[in-house]
Amino acid sequence: MAQTHDVIILGAGGAGLFCAGIAARRGRRVLVIDHAPEPGRKIVISGGGRCNFTNVDTSWDRYVSANPRFARSALGRYTAQDFIALVDAHGIAWHEKTLGQLFCDGSARQIVAMLLHEAAGAEIALGSAIRDVTHADGQFTVVFGDRHATAPSLVIATGGPSIPKLGATSFAYDLGRRFGLKIVEPRPALVPLTLPGEEALFRELSGVAATVVARGDGPGFREAALFTHRGLSGPAILQASSYWRHRQPVTIDFVPDQSPGWLLAAKRARPRAGLRSVLGAALPDRLAEALAARIDAPSEMANLRDATLSEIERRLSAWQFLPNGTEGFAKAEVTVGGIATDALNQKTMAAKHLPGLYAIGEAVDVTGWLGGYNFQWAWSSGWVAGQAV
Ligand code: FDA
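Each value, and the rule that gives it
Residues numbered from 1 in each chain as written. Predicted model: local features only at pLDDT ≥ 70, side-chain atom pairs only at ≥ 80, totals over all residues. Heavy atoms only, no water. Near = heavy atom within 4 Å. Polar contact = N/O pair within 3.5 Å; in protein donor to acceptor, adjacent residues only side chain to side chain. Areas by Shrake-Rupley, 256 points an atom, 1.4 Å probe, with all protein chains shown as cover. Helix = DSSP H or I, 4+ residues; strand = E, 2+ residues; numbered from the N terminus. Nonpolar A, V, L, I, M, F, W, Y, C, P; charged D, E, K, R; others polar. Buried < 20%, exposed > 50% of the residue type's maximum accessible area, 1.4 Å probe, protein only. Contact = heavy atoms within 4.5 Å. Salt bridge = Lys/Arg side-chain N within 4 Å of Asp/Glu carboxyl O. Pairing = 2+ DSSP bridges. Axes fitted to C-alpha atoms, helices over the stretch in contact; angles between N-to-C directions. Parallel < 35°, antiparallel > 145°, perpendicular 65-115°, else oblique.

A separate point is the site of the ligand. Surveying the vicinity of the ligand reveals 29 residues, the closest of which are D34, N52, T169, E362 and F375. A15 places a polar main-chain atom, nitrogen or oxygen, 2.9 Å from an oxygen atom of the ligand. One of the backbone N or O atoms of N52 is found 2.9 Å from a nitrogen atom in the ligand. Contact with the protein chains removes 92% of the 990 Å² of surface that the ligand exposes when unbound. Breaking the shell around the ligand down by element, the ones donating at least two residues are α1 (14-25), α2 (41-45) and α13 (373-388). Tallying contributions element by element places α13 first for the shell around the ligand, with three residues. When the residues that make up the shell around the ligand are grouped by side-chain class, the tally is 11 nonpolar, 14 polar and four charged.

On to the side chain of Q139. Take Q139: it is sitting in strand β9 (residues 139-144). For Q139, a relative accessible area of 19% translates into the label buried. Polar side-chain contacts of Q139 include one of 3.4 Å to the side chain of Q3. If we ignore the near neighbours within four places in the chain, the residues touching Q139 are Q3, T134, T150, A151 and P152.

As a further point, take the pattern of salt bridges. The final tally for this structure, using the stated rule, is 15 salt bridges. For R178, the salt bridge identified is with D132, shortest N-O distance 3.7 Å. With R178 in helix α6 (residues 171-178) and D132 in strand β8 (residues 130-136), this residue pair connects regions lying 46 residues apart in the sequence. By relative accessible area, which is 49% here, R178 ends up partly exposed. Note on D132: relative accessible area 34%, which makes it partly exposed.

This part covers the sheet that holds strand β19 (residues 325-326). If you walk across this open sheet you meet the seven strands as β18-β17-β14-β15-β16-β13-β19, and the pairing is antiparallel. Strands with a single pairing partner mark the edges of an open sheet, and in this sheet they are β18 (319-321) and β19. For strand β17 (residues 250-253) and β18, the ladder comprises three bridges, and the chain directions are antiparallel. Across the sheet, V250 pairs through a bridge with F321, a residue of β18.

Right, let's get into the environment of Y63. Mapped onto the fold, Y63 is located in strand β4 (residues 63-64). Setting aside residues no more than four positions away along its own chain, Y63 makes contact with T58, P68, L75, V366, T367, G368, Y373, Q376 and W377. Of note is the side chain of Y63, whose polar atom sits 2.7 Å from the backbone oxygen of Y373.

For the rest of this paragraph, the subject is the packing of helix α4 (residues 80-89) against helix α5 (residues 109-118). For the pair α4 and α5, the least separation of the axes is 11 Å and the interaxial angle reads 90°. Of the possible angle classes, the one that applies to α4 and α5 is roughly perpendicular. Residues F83, L86 and V87 of α4 form the contact with α5, whose own contacting residues are I111, M114 and E118. Considered class by class, the residues forming the contact of α4 with α5 number five nonpolar, no polar and one charged.

What follows is about the side chain of N52. Considering the arrangement of structural elements, one finds N52 in strand β3 (residues 52-55). Side-chain polar atoms of N52 contact the backbone nitrogen of G372, separated by 2.9 Å. Setting aside anything within four residues of it in sequence, one finds N52 in contact with S46, G47, Q101, L102, F103, G371, G372 and F375.

Right, dumping it as structure tokens:
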């Protein structure tokens, strides 16, 4: 079958569109195929409609992967500063919100418009279901809608299964497997955690937020945690969820700003106060009440032994919750896991065993922290593949 394009990119999300622009500007004939009716749908809704498009503190150790160092090469070759320069060149105004997170001043649609402008040289086929993908004689053939196309390079950029109602699927994994790529078991990440019945007391706190340090099986995140009617949410919990495994606890430091011995100091300063009242000075009122009820130390501070107060301090700074699950892919901002990195070339994102096949973006087992890291991975991995195809 005659070759119709140089590169076919499956998926018109951030990674696919960005890769298309880079390749098209190198003179490649690029076709992007997506089943959604519009491109970049996750970009449009991201960051509350303002797109947290990168993070100035981007670094490979802020990504979850079976091999986190894999991301280092692409992140180093196309950096947050490179993307900021592009955003500036398009006259898109932005601001840093917190923790290095950059957002558009206006609409996230500006980022989609920028990507489409950059990819003007590529053909983008939207609303096209992909019916078949085959490889023979060094050419990939994609049957989509009522058409087919052929190219020596195929880029898998169809993302992960988070938020299916936006058109997200596990297509990347099915296709990857078909072409001999391994899949690291996908699980929902940046997702609220649910608590079992015995933690019902905390459900009464639905709507209460506090600055905490939350930790799954990984680093601690100092941000806001939010109690919900189903369990725990808020940025600190979403971050911890990416490192959380079933049947493991999540540890929360409710008093990250208190130094060791603070309850002993409170005992000396306010001997007649109850624990509930002392906690109320350090925590939101309803949370102080719920924690004091669980600690069950009814007497005045003066009557509590120093050892007991030290133990209470320890509990408050390492409170363990045992979630019974997450709110799943329907609510997960991203997916941890995906196409295993060990079969990919970190400099180009090409499959080592099948030249011409590439995987980029969230489809790959590289998942960033909350705060612009995931889009930066989409840009960086899309850029290196766009240079190579
Ligand atoms: P993405 O999922 O964007 O694109 C994949 C494309 O493939 C889609 O257009 C889809 O329609 C298409 N596709 C899927 N299956 C297909 C099939 N079978 N056939 C054809 N096409 C198919 N990150 C960040 O850094 N900052 C932020 O502010 C946010 N905010 C945010 C909010 C919400 C609500 C969500 C859900 C996610 C975020 N993220 C984020 C994460 C970020 O959106 C995500 O990591 C990137 O969009 C991933 O880009 P990709 O291009 O890899 O996949």
